[in-house]
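Notes for the structure review
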Amino acid sequence: MTFGAWNVRTLLDRDGNACPERKTAIVARELHRYNVDVAALSETHLADEGELVEVGAGYTFFWKGTAASETRHSGVGFAIKNHLVKRLEEYPVHISDRVTTLRVHLDKDNYLNVISVYAPTLDKSDDIKDKFYGEVTLCLDSINAREQVLLLGDFNARVGRDYEAWPGVLGRHGVGNMNSNGQLLLSLCAQYGLAITNTMFRLAAKYKTTWMHPRSKHWHLIDYAIVRQRDFSQVQITRVMRGAHCWSDHRLIVTKLRLRLRRPRRSPMKKLASLDIEKLRDPEVRKNYAEVLSKKLLPVNETGDVDADWGALSSHIMDTASIALGRKCRRNEDWFDGNDEVLRAALDKHRDLLRQHRRRKGSVAAVKASDLELRKLSRQIKEKWCQDKAIHMQWLPDTNHLGEFYSEVRKLMGTSNHAKVPLRALDSRHLLTSKEDVLRRWAEHFNALLNVDRSADLQSIALMPQLPLALDHGHETLTIKLGEDVLKQVDKFRYLGNTLTSKCDLDDEINSRVGAAAAAFGKLYSKVFCSHDLKLATKISVYMAIVLPSLLYSSESWCVYRRHIRTLDRFHLKCLRAVMKIRWSDRVRNTEVLRRANVGGIETYLMRRQLRWCGHVSRMTEERVAKRIFFSELQDGKRKHGGQLLRYKDVVKRHMKRCDIEPSQWERLAAQRPEWRRMVNSKVREFEDQRKADLDYKRDQLKARPLAAITYNYENGVLTCPQCARSFAAKIGYISHLRVHERQIDG
């Protein structure tokens, strides 16, 4: 099937429109020319909701807009071929004037959910944006996990091309840079495991960009076709049709899907369970295994047949290992498996009562009481398991056990779905299709990789995915040699989980952190944050133990600006509102959200982490590299004129002043670790309380401000200033002019 997304600007027939009458007929004929089966239309400007049939072009239009009495700047809908409308089991469901859905029945239990959206523009308020993404979130939550999703429309967002920060969401062929709306869209995609197909195909920019900025005349990609990451293999192409024309400044996006049925299938080969080799770390287990294996191998006699001897030897080794080590348990931890004995006993007891009731030997009251007791026991066990797991995982990063922490995170969240990509031959000219050729190519790759003679393979380093080099920031070209070879200079790379750039800023790192935290939050959303068996305090504990450390990883060394704190704080509050089921329409302040969750803002956690890290470094010995770098000064060079870049010591000094810590005395105070930690915690807590109080006071003052009483003076139908008789064409200029007179009078 072929799907499309098109911002048609309007479907109204007005005298002022550049388009002639019958805009729907023109749009329908353009869609018919490109054989689009279903098109998601945005910015229709039609009132209320309705249906219209274009018989000549063969399309039926469904739309949803605002009321006829209101100003109409939005509106979404669908244009569906008439022969497909007759086969629809469900008509489009309109959520709002910005979101509408269509559920297409493919075969048996297979469905495709098409969502048509029109997102707020960049200049809209945060409330409008939160309302829109809240509606999209509710729509995605209502879709069964087995069903397919196709999200189409004008998102008014630029997602950029940083595919390393958003793995699985972005492809290698993005366009431009990311803006604030793009980060909201990327966070949504990472949370629900979605992939933006516009960035997955290698096409010229003219076949990807969809809208030209009216002033800069630059082309941008703001209309998207989004699917689940596991279903990306069904997308054949997503591209722009430049020839489509309906007097709109947006281009038509077409995506072709190879819809196939997902029937469950079982492999004919029995999958062997792996051995629990971690037990070999225990000396007693290793000694016992060696003794048993030596006894097993003593009576083995060689027959001269290599295959027979190897079969006997391998069977003895596997049997011995299975007995001594046992089979490896599932990697993903679960509260039921951890309390299997207690729950199994309760289930057996309840099963006996049910059996007696069927034989008419037990009462109904006993069965109901046992059922209530079993439900209560399972809820209590699940609650206790989640609380203990959250406390343990919070303790791991606090004590710098990062390896164990991420191992526990992987066990709790489960495995990830990775997209399958084709494999090229060694000459990179053709794709490998047969299984034997693919295995042979991997064998060649690892043989060359493991037998390299140098300490670093320069060819492999040169082929590593990197963004294009940008040397227009005033940086010098460096020459770094590894032996006789010169390393290639890049603009960006990752080291120990951090993103390092030539510009020495945190923009890419913050983007990467938000992407990782959004993915972690999405994996836990259904099993933890939406669970009705867990208390709110337990959900907050899990969020603080898993999602927040992913968001603030390595933040001890960050030089954060106010824009970075706003970005992190916005994601933090968005997650807390999702956990506590607080919608935008509830009109709950951010400070109230933090109080209900009993947590602080992002600035508080950054302040605590960095102050404690400074105390840790100051207590190091003088020969430690970290302390030498921390207290060192540059020998050559000077700072530029004008606005200065933020330094780490500027950030720490700002934290100390806000916490009423004298910057000249902090080293003496940090010499004693318990006293320093206690003082930092108390000072940061006082700062957070004062920050919340200041925000509440500012909000109260804003709400208590009286409305401005403005009298518009019209003379002969022209807006004129009553004091100087100046005429105005717009009200905004008139209001600004009156304020000038007020300041002159007050002065």
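Residues numbered from 1 in each chain as written. Predicted model: local features only at pLDDT ≥ 70, side-chain atom pairs only at ≥ 80, totals over all residues. Heavy atoms only, no water.

Turning next to the packing of aromatic side chains. Under the counting rule described, the total for this entry stands at 14 aromatic pairs. On the basis of an interplanar angle of 75° and a centroid distance of 6.1 Å, the ring pair of phenylalanine 630 and tyrosine 648 is categorised as edge-to-face. One end of the pair, phenylalanine 630, is in helix α18 (residues 625–630); the other, tyrosine 648, is in helix α19 (residues 648–658), and 18 residues separate them in sequence. Given a relative accessible area of 25%, phenylalanine 630 falls into the partly exposed group. Under the relative-accessibility criterion, tyrosine 648 is labelled buried at 18%. Relative to tyrosine 734, the ring of tyrosine 712 has its centre 5.7 Å away and its plane inclined at 35°; by these criteria the two rings are tilted. With tyrosine 712 in the loop between α21 (673–704) and β24 (714–715) and tyrosine 734 in helix α22 (residues 731–746), this residue pair connects regions lying 22 residues apart in the sequence. Judged by relative accessible area, tyrosine 712 falls into the partly exposed class, the value being 32%. For tyrosine 734, a relative accessible area of 1% gives the class buried. By the ring-pair criterion, three or more aromatic residues cluster together here, those being Phe630, Phe631, Tyr648, Trp666 and Trp676. When the ring centre of tyrosine 111 is taken as reference, the NZ or CZ atom of arginine 103 above it lies at 3.7 Å. Against the face of tyrosine 561 rests arginine 563, its NZ or CZ located 5.0 Å from the ring centre. (Phe/Tyr/Trp six-rings, centres within 6.5 Å; stacked < 30°, edge-to-face > 60°. Helix = DSSP H or I, 4+ residues; strand = E, 2+ residues; numbered from the N terminus. Buried < 20%, exposed > 50% of the residue type's maximum accessible area, 1.4 Å probe, protein only. Lys NZ or Arg CZ within 6 Å of the ring centre and 35° of its normal.)

With that out of the way, let us pick up the UniProt feature "domain: C2H2-type" (unreviewed entry) in the chain. The sites that carry the UniProt feature "domain: C2H2-type" (unreviewed entry) are, in the present numbering, residues 719–746. Spanning residues 719–746, this segment combines 57% helix with 14% strand, and its end C-alpha atoms are found 24 Å apart. (UniProt positions renumbered as here; feature names shortened; annotations may be inferred.)

Right, let's get into the sheet that holds strand β5 (residues 76–81). Taken in spatial order, the 7 strands of this open sheet run β3-β4-β5-β2-β1-β17-β16, and their pairing is mixed. Looking at the sheet topology across the chains shown, the edges are occupied by β3 (49–54) and β16 (235–241). Adjacent strand axes in the sheet meet at a mean angle of 15° when their direction is disregarded. Examined bridge by bridge, strand β1 (residues 2–7) and strand β2 (residues 38–42) share 5 bridges and lie parallel to one another. By the bridge assignment, tryptophan 6 is partnered in β2 with leucine 41. The strands that helix α1 (residues 23–33) touches are β1, β2, β3, β4 (59–64), β5 and β17 (252–257); relative to β4, the one it contacts most, it runs at about 120°. (Pairing = 2+ DSSP bridges. Axes fitted to C-alpha atoms, helices over the stretch in contact; angles between N-to-C directions. Contact = heavy atoms within 4.5 Å.)

Further remarks concern the pattern of salt bridges. Tallied over the entire structure, the rule returns 33 salt bridges. Where arginine 513 meets glutamate 509, a salt bridge forms, and the shortest distance between an N and an O atom there is 3.5 Å. One end of the pair, arginine 513, and the other, glutamate 509, are both in helix α13 (residues 507–529), 4 residues apart, so they sit about a helical turn from each other. For glutamate 509, a relative accessible area of 2% puts it in the buried group. The network of salt bridges with shared partners includes Arg589, Arg595, Asp696 and Asp700. (Salt bridge = Lys/Arg side-chain N within 4 Å of Asp/Glu carboxyl O.)

Attention shifts here to a nonpolar patch on the surface. Taken together, Trp442, Phe446, Leu449 and Leu450 make up a surface patch of nonpolar side chains, about 420 Å² in accessible area. Mapped onto the elements of the fold, leucine 449 is located in helix α11 (residues 435–450). Overall, leucine 449 belongs to the partly exposed group, its relative accessible area being 39%. (Patch = residues over 30% accessible without salt bridge, like charges linked within 9 Å, V, L, I, M, F, W, Y side chains within 5 Å. Areas by Shrake-Rupley, 256 points an atom, 1.4 Å probe, with all protein chains shown as cover.)

Once that is clear, we can look at unusual backbone geometry. Of note, the phi angle at tryptophan 247 is positive, near 60°, even though the residue is not glycine. Within the fold, tryptophan 247 resides in the loop between β16 and β17. Under the relative-accessibility criterion, tryptophan 247 is labelled partly exposed at 39%. Backbone geometry at asparagine 598 places phi at a positive 60°, although glycine is not the residue there. Residue classification places asparagine 598 among the exposed positions, given a relative accessible area of 69%.

This part takes up the packing of helix α14 (residues 536–551) against helix α15 (residues 562–580). Where α14 contacts α15, the two axes come as close as 11 Å, and the packing angle between them is 155°. Taken as axis vectors, α14 and α15 run roughly antiparallel relative to one another. The way α14 lies across α15 gives a crossing that is right-handed. Contacts between α14 and α15 pair Leu536, Lys539, Ile540, Tyr543, Val547, Leu548 and Leu551 from the former with Leu568, Phe571, His572, Cys575, Leu576, Val579 and Met580 from the latter. (Parallel < 35°, antiparallel > 145°, perpendicular 65-115°, else oblique. Left-handed = near helix turned anticlockwise from the far one by under 90°.)

This paragraph deals with the sheet that holds strand β8 (residues 110–118). Read from one edge of the open sheet, 6 strands run β6-β7-β8-β9-β15-β12, paired in mixed fashion. Since the sheet does not close on itself, it has two edges, and those belong to β6 (93–94) and β12 (194–196), each with one partner. Here β12 pairs with strand β15 (residues 223–228) via 3 bridges, running antiparallel. Bridge pairing in β15 places isoleucine 196 opposite isoleucine 226. Its contacts with the sheet put helix α3 (residues 126–141) on β7 (99–107), β8, β9 (148–154) and β12, and the angle it makes with β8 is roughly 175°.

Looking now at the environment of leucine 297. Of note, leucine 297 is situated in helix α5 (residues 283–297). Given the relative accessible area of 29%, leucine 297 is considered partly exposed. A sequence separation of 19 residues divides leucine 297 from histidine 316, and the C-alpha atoms of the two residues are 7.2 Å apart. Not counting chain neighbours up to four residues away, the residues in contact with leucine 297 comprise Leu313 and His316.

Here we come to the pairing of β2. Among the 5 residues in β2, 5 count as buried, and that is most of the element. The side-chain alternation of β2 yields two buried faces, one formed by Val38, Ala40 and Ser42 and the other by Ala39 and Leu41. Pairing of β2 with β5 involves 5 bridges; the strand directions are antiparallel. If you follow leucine 41 over to β5, its bridge partner there is glycine 77.

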